[in-house]
Amino acid sequence: MSARCLPFDDDGVAEAARLIRAGEPVALPSETVYGLAADATDARAVAAIYAAKGRPSFNPLIVHVADRAMAETIADFSAEARRLADAFWPGPLTLVLPRRSDGPVCDLVAAGLSTIAIRMPSHPAMLAVIRASGRPLAAPSANRSGAISPTRAQHVLVSLGDRIALVLDAGPTVAGIESTIVAPGASGIRILRPGPVTAAQLEALSGLTVVGAVTGTEAGAGGGIESPGQLASHYCPDKPVRLAAERAEADEYLIGFGAMAADFNLSPAGDLVEAAAHLFAALHEADASPARAIAVAAIPHEGIGIAINDRLARAAVR
Ligand code: TXA
Ligand code: MG
């Protein structure tokens, strides 16, 4: 199979929705990374996602919905969950909630868990395909399991082009790293995966308390993470990665941050949001370069920098 790449327009959406209803996975842009999406109600379609990615079957998937009504058929929303959805949906926040036993999502999506990870994305392309197909979409990042997440259609074609039928191209994604995953509870919000929505934003916009947020290094070492996908070595370039580098050693590709000379500077102005948007593109470039190894400048461990350092710590584990 060789993937077609269609632009995000009415024809592209119609073709993506046709393939989804036929049980085939298609790669779609979201505001975070490109996702490999399939009908979450169809176990064979979901199995095709795992097969294309080469993903271990114990790793559950996020379900993407177009509205709250669809979400509430799938999961039980507590008062805390409703406040988070009110504040952050549509957007890059995934809620882990009790799964409704009478819900439409097939068991394989949750990989045997009684909870379900669910989010309403803000990207018009993914929303349009959910609406056109009329199905909630299970969608992990559209890369082979363990490889770098795709922020451009070209990244998807390189990683999965021979395994899927279609990529819908809407240009580079804006957030650049995967959604923040949280489990809301009566005693507060637990962050299972740091992401574009920061702990400070969660508290400020929901009025709830964040308890036990993970830091990048804890996540890298697997310190009590409940998201089964949070394996220590996950976002893995083929080359060794050295962190907190001040300059490139011989044969290294330097990914910089702030005012410094580099092969790829994540944000010359030192803006963490811009750096997050460019992170995976930089890792892709570095991996494709002739350099033997990758060096990455220190990233401030604050705000979305915590999510960037989480991904970098994983990239550096071999
Ligand atoms: O931004 C994103 O979240 C992207 C786009 C495509 O939406 N998707 C994404 O999916 O990053 P994926 O499959 O690469 O990561 C899903 C994460 C995994 O770490 C998985 O273990 C966790 O969500 N997860 C899924 N269901 C869960 C559950 N019931 N409880 C805890 N963690 C769960
Ligand atoms: Mg992934």
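Numbering of residues starts from 1 in every chain and runs along the sequence as written. As they are written, the chains are lettered A onward and the ligands numbered 1 onward, keeping that order. Local features in a predicted model are, by the rule used here, given only for residues with pLDDT of at least 70; side-chain atom pairs are given and counted only at 80 or more, and totals for whole chains, interfaces and linings are based on all residues. Side-chain figures throughout are based on the complete set of non-hydrogen atoms in the structure, without hydrogens or water.

**Student:** Any details on the layout of surface pockets? Residues and values, ideally.
**Tutor:** If a probe the size of a water molecule is rolled over the atoms, the empty space left behind becomes visible. There is about 340 Å³ of room inside the second largest pocket. Lining the second largest pocket, in full, are Ala147, Ile148, Arg152, Gln154, His155, Val158, Ser159, Cys236, Asp238, His284, Asp287 and Ala288. Only DSSP runs of H or I reaching four residues or more are called helices, and only runs of E reaching two or more are called strands; each is numbered from the N terminus. Mapped by element, the contributors of at least two residues to the lining of the second largest pocket are α7 (153–160) and α10 (272–288). With four residues, the top contributor of residues to the lining of the second largest pocket is α7. For this classification, Asp, Glu, Lys and Arg are treated as charged, while Ala, Val, Leu, Ile, Met, Phe, Trp, Tyr, Cys and Pro are nonpolar and the rest, including Gly, are polar. Residue composition of the lining of the second largest pocket, grouped by class: five nonpolar, four polar and three charged. Structurally, the lining of the second largest pocket is a two-domain feature, drawing no fewer than three residues from each of domain 1 (4–77 + 98–169) and domain 2 (241–315). A pocket, in this scheme, is an open set of points on a 1 Å grid over the protein atoms alone with protein on both sides within 12 Å along at least 5 of 7 lines, while a cavity is a set where a 1.4 Å probe fits but cannot get out; residues line either one if an atom lies within 4 Å of a point. Grid points are joined across faces, edges and corners, and a volume is the space filled by probe spheres set on the points. All the domain ranges listed were derived from an automatic or database domain assignment.

**Student:** So what about the packing of aromatic side chains? Which residues, and what values?
**Tutor:** Stacked, tilted and edge-to-face pairs are distinguished by plane angle, under 30 degrees for stacked and over 60 for edge-to-face with tilted covering the rest, among Phe, Tyr and Trp rings (Trp via its six-membered ring) whose centres lie within 6.5 Å. Under the defined criterion, the tally for this structure stands at one aromatic pair. Where Phe77 meets Trp89, the ring centres are 6.0 Å apart and the plane angle is 80°; that geometry is what we call edge-to-face. In this pair, Phe77 sits in the loop between α3 (68–74) and α4 (79–88) while Trp89 sits in the loop between α4 and β5 (93–98), placing the two residues 12 residues apart along the sequence. In this structure, Phe77 and Trp89 share a single accessibility class: buried. Under the scheme applied here, a residue whose accessible area is under 20% of the maximum for its type counts as buried, over 50% as exposed, and between as partly exposed, the area being computed with a 1.4 Å probe on protein chains only.

**Student:** Explain the packing of helix α1 (residues 10–21) against helix α6 (residues 124–133) to me, and be specific about the residues and the numbers.
**Tutor:** Relative orientation of the contacting elements α1 and α6 amounts to 55°, with a least axis distance of 9 Å. As far as their axial angle goes, α6 and α1 are oblique. Judged by the twist between their axes, the crossing of α1 over α6 is right-handed. When α1 is examined against α6, the residues Val13, Ala16, Ala17, Ile20 and Arg21 are found in contact with a partner set consisting of Ala128, Val129, Ala132 and Ser133. Across the contact of α1 with α6, the residue classes tally to seven nonpolar, one polar and one charged. Axes here refer to lines fitted to C-alpha atoms; in helices the fit is confined to the stretch in contact. Angles between the N-to-C directions go from 0 to 180 degrees. Roughly parallel here means an angle under 35 degrees, roughly antiparallel means over 145, roughly perpendicular means 65 to 115, and every remaining angle is called oblique. Crossing handedness follows the turn of the near helix against the far one: under a right angle anticlockwise gives a left-handed crossing, and clockwise gives a right-handed one. Contacts are assigned to residue pairs with any non-hydrogen atoms lying within 4.5 Å of each other.

**Student:** How would you explain the side chain of Lys53 if you had to name every residue and give the values?
**Tutor:** Residue placement: Lys53 occurs in helix α2 (residues 43–53). Asp and Glu count as negative and Lys and Arg as positive, but His and the ends of the chain are not part of the count. Salt bridges are identified by distance alone: a Lys or Arg side-chain nitrogen within 4 Å of an Asp or Glu carboxyl oxygen. No salt bridge is formed by the buried Lys53; the nearest opposite charge belongs to Glu178, separated by 8.2 Å. What Lys53 contacts, discounting residues up to four positions off in sequence, is Leu36, Pro140, Ser141, Asn143, Arg144, Ser145, Leu160 and Arg163.

**Student:** Outline the packing of α10 against helix α11 (residues 305–316), supporting the account with residue identities and numerical values.
**Tutor:** Following both chains from N to C, one finds α10 and α11 inclined at 25°, their axes separated by 9 Å at the closest point. The angle between α10 and α11 places the two elements in the roughly parallel class. For the pair α10 and α11, the crossing hand works out as left-handed. Here Leu272, Ala275, Ala276, Leu279 and Phe280 of α10 come into contact with α11, specifically with Gly305, Ile308, Arg311 and Leu312. Broken down by class, the residue content of the contact of α10 with α11 amounts to seven nonpolar, one polar and one charged.

**Student:** Can you tell me about the domain arrangement of the protein, naming the residues and giving the values?
**Tutor:** Under the domain assignment used here, the protein contains domain 1 (4–77 + 98–169) and domain 2 (241–315). For domain 1 versus domain 2, the separation of C-alpha centres amounts to 29 Å. On the side of domain 2, five residues touch domain 1, which itself brings seven residues to the contact. Both sides of the domain 1 and domain 2 interface together cover about 530 Å² of buried area, and 73% of this is carbon and sulfur. In short, buried area is how much 1.4 Å probe accessible area vanishes from two parts on joining, totalled over both. When the area that domain 1 buries against domain 2 is broken down by residue, the three leading residues are Ile148, Thr151 and His155, summing to 76%. Linking domain 1 to domain 2 there are zero salt bridges. Residues adjacent in sequence count toward polar contacts only when both atoms are side-chain atoms; beyond that, a polar contact is any pair of N or O atoms within 3.5 Å, and within protein one must be able to donate a hydrogen and the other to accept it. Taken together, the links from domain 1 to domain 2 amount to one residue pair in polar contact (both at pLDDT 80 or more). For the side of domain 1 that touches domain 2, the per-class residue count stands at three nonpolar, three polar and one charged.

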